[in-house]
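# A closer look at the structure
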Amino acid sequence: MAVAEAQLYAKVANKHRGRSTSALLEPLLAKGFPAHIAQKALVATGQKTIEDAVKWLHSHCNDPSLEDPIPQEYALYLCPTGRLHSRLQDFWKESKCQCGKNRAHEVFPHVTLCDFFPCEDQKVELLYDILKRVGDSFSQSFPPSISLTLHASPSYLGFFIDDSQANILKEFAVAFSSEASALADCHVKPSLKQFHLTLAHKFYPNHQKTLEQLAKCINPREPCQWVAALYSRDMRFVHYQRLRALFQYKPQNIDELMINAGDLIYVDPTQQSEVSEGWVVGTSHRTGCRGFLPENYTERAHESDTWVRHREYVFDTASRSLTKTEKEPNVKVNGEAHSLSVSRSVTNVLPLQNAALRRGVLVMCHGERVDQVFGKSWLQQCLTADGKYYRADLNFPSSLPRQKDSMKQFECDPPLSCCGIFQSRLIGEALLDQEVTVTCVYSSPALCCVQTAQHLLQGLKLIQKVRIRVEPGLFEWTKWEPSRTIPTFMTVAELVEASYNIDTSYRANFPLSSLVPSESYEDYVSRSSAVIKQITSACPGKGKGVILIVGHGSSLASLTRALAGLPGRDSADFAQTVRKIPSLGMCFCEEQKEDNKWQMVNPPVKTLTHGASAAFNWRNAILED
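Residues numbered from 1 in each chain as written. Predicted model: local features only at pLDDT ≥ 70, side-chain atom pairs only at ≥ 80, totals over all residues. Heavy atoms only, no water.

What follows concerns the sheet that holds strand 11 (residues 298-300). Across the sheet, five strands lie side by side as 10-9-8-7-11; this open sheet has antiparallel pairing. A strand with exactly one partner marks an edge of an open sheet, and here the two such strands are strand 10 (290-294) and strand 11. The mean angle between the axes of side-by-side strands here comes to 45°, regardless of whether they run parallel or antiparallel. Summarising the sheet, strand 9 (residues 279-284) and strand 10 pair through five bridges and their orientation is antiparallel. Among the inter-strand pairings, Val281 is bridged to a residue of strand 10, identified as Phe292. (Pairing = 2+ DSSP bridges. Helix = DSSP H or I, 4+ residues; strand = E, 2+ residues; numbered from the N terminus. Axes fitted to C-alpha atoms, helices over the stretch in contact; angles between N-to-C directions.)

Following this line, the structure appears as C-alpha cells:
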C-alpha cells in the first residue's frame, strides 16, 4: 500500500460510524447489503435513486476497494445557468478548438465557494441540510445580479466579481463551512481570496490575444440564475489522469481490464514506465477494477467527468424583482428544481437554456426516412429473389425489425435511413449539451417516429430512464397517405421485441381504430388539438421539464399552434408550410404559468443543416467517356 493511502486509512479507520437516516438506505439494507457498503453506493451515485445505487453495487462487485473506509471529498461551487452558462460553454469549445486544451477545460464554469474537503459517508446528508438552511438564510440578501469584470494576465483569463457582491458570497461560504465543520465534523475551508470565474488558465503566452478576443464576445450581463452546487470526487485519484474509452475491450489475459465504450479510467502517470508500449494500467471508474488496457482505445477526459453532483440551492433572484410575496426556498434535489419561479420579463424573450425553469413542449419531425432518399420502391431494391432483406446501399439500415406479417408492410411504414439514425442521435446529444430535462416522450406509431425517439433518448442518455409512449393520435393527416388506408404499424409487442424502449403501460388517447382514412382537414386539426391538450394534462411535471413529441412535419404546425391558442391555417397554407419542414425540424412551446398559457419560443438547440449526397457509380463516372 502506498504511503499516502496508508495515511488516509489511518485517518479514517477509528472514526465513529453513525447510522444514516436516509430514506434510500433502508431498502438497500432490506436487500442484504451491509450498511457501510450501502452508504458508499448512495454517496457514489449522489443519493439519487435506489436503482442507481444497486446498479453501482453490482458494477463494483469485484472492486477490491469496496470495503475501504476512505470517504469522498466534497466541494461547494457557485455555478451559472441559463444564457450566460451557454455563452461560457461556447467559449470553452471555441478556445479549445483554436488554442488547444488548458487547465480551465478540466472543470465546468464555476466560482469556488469551498474547496474540496472529506466527509464521512453517513454524514453527507447533514451537508445537504446545511446547504438548504444556509441557502434559505441568504436567499434575500443574495445579489440580484453579479457584476463580472474581465481580467487577463499571461497565464490567467477570467471574470472577477465585484467586491461588494463577493463579500456576500464569502459570508455564504463562511456560514456553510462553519456549520459543516461543527455539525458534520468536516474541516471545511471557505474561499476567501478574490472571487473569480476562470475562463483559461496555464495556457501558452502566444494564445493570450486569441483567448482575450474570444472572451470579449461573452456578455457578462447575460441573464443568469446562480446555483450553489455540492460536488464530490474520489480522493484516491485526485492526481491521476482521466481517460475515456472509445471502444469496448474484452480482456485476453487475466491482468487486463474489461472496458465498455464511454467508461472513464483513472491512470497514474507515475506507474506507466514499466508498462509495454501502447498499453496503460488504470482503474475503472465504473467497476473499481484495475488492469492493463490498450491506450489507442481511449482519449483524454476532463477531471470533472468523474465527479458526482449531489444537491444544489438555486438563488431565485429573477422572481424577487417581481414580487416578494411568493418567494419560497429553491433547492434542487439531484438536478430537479423545487418551488422554482422565474421572472416572466426574462423568460419570455430567451430561448430555453435550462429546462428546469419552465415546463416546455418540444415537437419534432422524425429523421430522414429511407423512402425520402430511395423513393417509394425502396424495399424492392433491398429484397433478394427469395424475399430476404439485404443492404443495397450504406444508407439503408443494416437490418429491419421483425414483423409477424409480411415485410411488405414496411413499404407504407418505412424506417429511418442510417443518416436519419445519426441525425436523431446528434440532436439528442445537442439537447443533452444544453441540459434539457426531458421528462416524457410521445411518438406517432409510425416506425420512423419511434426510431427517432429511441435514438434521441440514446443521445440524451435517457434510454434506461424514460420510455416512449406510442400515441396514434399523433399520426399525420391521413389524407396524405398514398395508399388511402391506415398503414399497418408495428404493434407495441413487436416494438418491445425489437428492443425499442416502449412504455407498455401507456393507454393511448386515440386508439389505432379511431384513425379514419382520408380524414378532412378540420378533423385532423381537431384531433391534433385534442391530443396535445391531453398530453400536457397527463404530464403536469410540477412546473418543470420538457415533454418531447416526435411526429411528422404536419405535427409542428398542428400541435404547436393549437397549444399556443393560435387559429389553424387553411389547408392550402398548411400544406405549403409542411413542405418546408426538414427532417428533425422542431418547434418549442413554453408554459407561461402566470396566465396559464403556452407561448412559442426559440428551440433549445440549433437546426441541423446538411447537403444532399447522390448515388455514385465509379464505373459510369470515371471509365465512360
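Attention now goes to helix 5 (residues 82-99). For helix 5, spanning 18 residues, the distance from its first C-alpha to its last is 26 Å, which sits close to the expected 26 Å at 1.5 Å a residue. All of the buried residues in helix 5 are Gly82, Leu84, His85, Ser86, Leu88, Phe91, Trp92, Ser95 and Cys99. Looking at the buried positions of helix 5, the neighbouring elements they touch are strand 1 (72-81), strand 3 (148-152), strand 4 (156-161), strand 5 (196-201), helix 8 (208-215) and strand 6 (225-234). At the C-terminal side of helix 5, Gly100 shows a positive phi close to 80°. (Expected span 1.5 Å × (residues − 1). Buried < 20%, exposed > 50% of the residue type's maximum accessible area, 1.4 Å probe, protein only. Contact = heavy atoms within 4.5 Å.)

This paragraph deals with the sheet that holds strand 5. With respect to topology, three strands assemble into an open sheet ordered 3-4-5, the strand pairing being antiparallel. The open sheet has two free edges, formed respectively by strand 3 and strand 5, since each of these has just one partner strand. Here the strands of the sheet are splayed against their neighbours by 20° on average, with no regard to which way each runs. Across the sheet, helix 5 touches strand 3, strand 4 and strand 5, and the angle it forms with strand 5 is around 20°.

Taken together, Phe616, Trp618 and Ile622 make up a surface patch of nonpolar side chains, about 400 Å² in accessible area. With respect to the helices and strands, Ile622 occurs in helix 18 (residues 618-623). (Patch = residues over 30% accessible without salt bridge, like charges linked within 9 Å, V, L, I, M, F, W, Y side chains within 5 Å. Areas by Shrake-Rupley, 256 points an atom, 1.4 Å probe, with all protein chains shown as cover. Salt bridge = Lys/Arg side-chain N within 4 Å of Asp/Glu carboxyl O.)

Averaged over every residue, the pLDDT of the protein chain is 85; the share at 70 or more is 88%. Contacts of residues 1-21 to residues separated by more than four positions or lying in other chains number 27 contacts, the stretch itself having pLDDT below 50. In this model, residues 321-356 is a region of pLDDT below 50 whose contacts with residues beyond four sequence positions or in other chains number 96 contacts. (pLDDT = per-residue confidence, 0-100.)

Taken as a whole and judged by the stated rule, the model has 31 aromatic pairs. Between Phe108 and Tyr231, the aromatic rings sit 4.7 Å apart at their centres with planes inclined by 35°, giving tilted as the arrangement. In this pair, Phe108 sits in the loop between helix 5 and strand 2 (111-119) while Tyr231 sits in strand 6, placing the two residues 123 residues apart along the sequence. Plain terms: the ring middles of Trp477 and Phe574 are 6.3 Å apart, the flat faces sit at 70° to each other, and that makes the pair edge-to-face. With a gap of 97 residues between them, Trp477 in the loop between strand 17 (468-470) and helix 14 (492-497) and Phe574 in helix 17 (residues 571-579) connect regions that are remote in the sequence. Looking at Trp477, the relative accessible area reads 4%, which means it is buried. A connected cluster of aromatic rings, assembled from ring pairs, spans Tyr77, Phe108, Phe116, Tyr231 and Trp307. Lying across the ring of Phe116, Arg233 places its NZ or CZ 3.7 Å from the centre. (Phe/Tyr/Trp six-rings, centres within 6.5 Å; stacked < 30°, edge-to-face > 60°. Lys NZ or Arg CZ within 6 Å of the ring centre and 35° of its normal.)

This part is about the packing of helix 15 (residues 521-538) against helix 16 (residues 553-563). Two quantities define a packed helix pair, namely the angle between the helix axes and the distance between the axes. Two numbers describe how helix 15 lies on helix 16: the axes approach to 9 Å, and their chain directions differ by 65°. Every pair of crossing elements has a handedness; the one defined by helix 15 and helix 16 is right-handed. Here Tyr524, Ser528, Ser529, Val531, Ile532 and Thr536 of helix 15 come into contact with helix 16, specifically with Ser554, Ser555, Ser558, Leu559, Ala562 and Leu563. Residues of the contact of helix 15 with helix 16, tallied by class, amount to six nonpolar, six polar and no charged. (Left-handed = near helix turned anticlockwise from the far one by under 90°. Nonpolar A, V, L, I, M, F, W, Y, C, P; charged D, E, K, R; others polar.)

Counted residue by residue, helix 3 (residues 35-44) has eight buried out of 10 residues, so it is predominantly covered. Within helix 3 the residues assigned to the buried category are Ile37, Ala38, Gln39, Lys40, Ala41, Leu42, Val43 and Ala44. Where helix 3 is buried, its residues meet helix 2 (25-30), helix 4 (50-59), strand 1, helix 6 (124-138), strand 6 and strand 12 (308-314). Just beyond helix 3, the residue with positive phi is Gly46, at close to 75°.

You will see that Lys461, though not glycine, has its phi angle at about 60°, which is positive. Secondary-structure assignment places Lys461 in the loop between helix 13 (447-460) and strand 17. With a phi angle near 75°, Ser499 is a residue other than glycine that sits in the positive phi range. Along the chain, Ser499 turns up in the loop between helix 14 and helix 15. The class of Ser499 is exposed, set by a relative accessible area of 58%.

Side chains Leu264 and Tyr266 project from strand 8 (residues 264-267) onto one buried face, and the interleaved Ile265 and Val267 project onto a second face that is buried too. Relative to strand 8, strand 7 (residues 241-245) runs antiparallel, the two being bridged by four bridges. Directly across from Leu243, in strand 8, lies its bridge partner Ile265. Looking at chain direction, strand 8 and strand 9 are connected through two bridges and run antiparallel. Bridge assignment links Tyr266 to a residue of strand 9, and that residue is Thr283.

On to the side chain of Ser232, then. Take Ser232: it is sitting in strand 6. Overall, the relative accessible area of 0% leaves Ser232 in the buried class. Engagement of the side chain of Ser232 in a polar contact is seen with the side chain of His310, the distance being 2.8 Å. Residues within four places of Ser232 in sequence aside, it is in contact with Val43, Gln72, Glu73, Tyr74, Phe116, Trp307, Val308 and His310. (Polar contact = N/O pair within 3.5 Å; in protein donor to acceptor, adjacent residues only side chain to side chain.)

A large share of strand 15 (residues 360-365) lies buried, amounting to six of its six residues. Across six bridges, the pairing between strand 15 and strand 18 (residues 546-551) is parallel. The residue of strand 18 that forms the bridge with Met364 is Val550.

Right, let's get into the pattern of salt bridges. Under the counting rule described, the total for this entry stands at 20 salt bridges. With a shortest N-O distance of 2.8 Å, Asp305 and Arg244 are connected by a salt bridge. Of this pair, Asp305 sits in the loop between strand 11 and strand 12 while Arg244 sits in strand 7, and the two are 61 residues apart along the sequence. What you see here is one network of salt bridges that share partners, running through Glu73, Arg103, Arg233 and Glu303.

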